[in-house]
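Overview (structure and organization)
Listed below, chain by chain, are the residues.
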Amino acid sequence: MYKGAVVAAVVPAYKEERMISRVIDTMPDYVDHIVIVDDCSPDGTSDVVKASTDPRVTLIRHEVNQGVGGAIITAHRQAMALGSDVNVVMAGDAQMDPAYLPGLLDRVTEDGYGFAKANRFYSPESFKGMPAHRVFGNIALSFLTKMASGYWNLFDPQNGYTAIRTEVLERVPLDRVATRYSFENDLLIHLNILQVPAVDVPIPAIYGDEVSSIRLSKVVPELIGRLWSGFWSRVWYRYVLWSFSPIALLGFLGLLLFVFGVGVSVWMVFQIAASVVATAATVMLAALPLMIGTQLLVSALQLDIQATPSTPTYPPFASSAQ
């Protein structure tokens with residue numbers, strides 16, 4: 001137990017025969033449950049877990065590979081069934097240092113946040129030694145996830161070192177959350193729809209000698225598609241369906257005017273190419289919608305940033321226990 005909260009470590013594992021025992025052995029004593037999900041590993045991952053004498057360990061094996069997100073969801077459900085108050089995700093490759101776990105747990109158990117995640121890129125020096133294309137990729141993906149999820153205060157969205165209250169998880173439709181590599185991004189979108197306060201915690205990354213099995217040609221389109229659909233889902237639920245917001249009005253009207261202005265501009269270019277002289281009225285017909293539409297979209301963006309769920313709202317577990 002940690003500061004009045006029952007803590008469960010959720011460990012997705014796939015081909016982690018070499019490292020999974022280290023994850024178990026280094027798990028802090030205040031973690032009450034260690035739920036390991038072997039996602040249909042072809043090696044001896046399950047055998048190594050079964051050989052552990054730690055009474056906190058619960059092993060679940062998927063007979064069909066469901067992806068890292070699917071393994072995490074299965075572990076979350078089992079941890080909640082065991083009575084956990086807070087679930088923390090710890091990778092099966094031992095790349096999440098348990099020494100930094102209190103930093104995550106404090107934000108959730110004491111500071112009133114429903115969700116806390118690690119951020120490896122908390123300073124400019126964090127990118128030192130990283131190839132330029134990876135730096136660009138991380139920044140671009142973080143910005144796209146900010147826009148799609150509405151958590152403008154968070155960075156490093158692919159970092160799976162997280163802590164979440166089970167009362168928050170109980171509200172999340174886990175059967176609708178992505179089960180592959182876009183799990184973290186999609187979870188943020190669902191949390192924002194529920195207006196769960198979330199926070200970043202600076203935690204250095206640990207890189208081992210494991211070779212990534214991620215196929216970018218498959219993962220990138222999946223991520224982009226998930227972020228695109230998630231953005232519109234978030235806008236629909238938060239700003240239209242549940243309470244019609246000025247953000248929706250400004251956004252939709254601005255988008256309509258912007259698209260109209262672009263369309264007129266393209267038509268005008270073809271007319272000029274055909275030696276037709278553009279009149280002042282035609283130019284204004286293109287320019288005014290573009291300018292007004294852009295201003296409305298910027299205003300909607302500003303309001304969306306201000307609406308980021310970042311204010312703690314949950315009571316500390318210690319005071320609740322008292």
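Reference entry: report on the structure contained in this document. (Residues numbered from 1 in each chain as written. Predicted model: local features only at pLDDT ≥ 70, side-chain atom pairs only at ≥ 80, totals over all residues. Heavy atoms only, no water.)

A word on the pattern of salt bridges
- Counted by the stated rule, this structure contains eleven salt bridges.
- With a closest N to O distance of 3.2 Å, Lys-3 and Glu-110 form a salt bridge. Of this pair, Lys-3 sits in the segment before strand 1 (7-13) while Glu-110 is found in the loop between helix 4 (101-109) and strand 5 (115-119), placing the two residues 107 residues apart along the sequence.
- Judged by its relative accessible area of 38%, Glu-110 falls in the partly exposed class. (Salt bridge = Lys/Arg side-chain N within 4 Å of Asp/Glu carboxyl O. Helix = DSSP H or I, 4+ residues; strand = E, 2+ residues; numbered from the N terminus. Buried < 20%, exposed > 50% of the residue type's maximum accessible area, 1.4 Å probe, protein only.)

Examining the packing of helix 9 (residues 246-273) against helix 10 (residues 280-306)
- Contact pair helix 9 / helix 10: the axes reach a minimum separation of 7 Å and the direction vectors enclose 150°. Relative to helix 10, the element helix 9 lies roughly antiparallel. Crossing of helix 9 over helix 10 shows left-handed handedness.
- Residue classes in the contact of helix 9 with helix 10 are distributed as 22 nonpolar, eight polar and one charged. (Axes fitted to C-alpha atoms, helices over the stretch in contact; angles between N-to-C directions. Parallel < 35°, antiparallel > 145°, perpendicular 65-115°, else oblique. Left-handed = near helix turned anticlockwise from the far one by under 90°. Nonpolar A, V, L, I, M, F, W, Y, C, P; charged D, E, K, R; others polar.)

Describing the side chain of Asn-185
- Within the fold, Asn-185 resides in helix 7 (residues 183-193).
- Of note is the side chain of Asn-185, whose polar atom sits 2.7 Å from the side chain of Gln-158.
- Those residues in contact with Asn-185, other than ones at most four positions away along the chain, are Leu-141, Thr-145, Pro-157, Gln-158, Leu-223 and Leu-227. (Polar contact = N/O pair within 3.5 Å; in protein donor to acceptor, adjacent residues only side chain to side chain. Contact = heavy atoms within 4.5 Å.)

Topic: the pairing of strand 3 (residues 57-61)
- With five bridges joining them, strand 2 (residues 33-38) and strand 3 adopt parallel strand pairing. Paired with Val-35 across the bridge in strand 3 is Thr-58.
- At this point the chain moves from strand 2, through helix 2 (residues 45-50), to the parallel strand 3, and the crossover so formed is right-handed. (Pairing = 2+ DSSP bridges. Right-handed = clockwise from strand over helix to strand, strands pointing away.)

Things to note about the sheet that holds strand 4 (residues 86-89)
- Spatially, the seven strands line up as an open sheet ordered 3-2-1-4-6-5-7, and their pairing is mixed. Whereas interior strands pair on both sides, the edge strands pair on one side only; in this sheet they are strand 3 and strand 7 (198-202). Neighbour to neighbour, the strand axes of the sheet diverge by 20° on average, direction disregarded.
- As judged from the five bridges shared by strand 5 and strand 7, these two strands associate in the parallel manner. Bridge pairing in strand 7 links Lys-117 to Asp-200.
- Against the sheet, helix 3 (residues 67-81) touches strand 1, strand 2, strand 3, strand 4 and strand 6 (162-165), its axis set at about 150° to strand 1.
- Across the face of the sheet, helix 4 comes into contact with strand 1, strand 4, strand 5, strand 6 and strand 7 while running at roughly 25° to strand 6.

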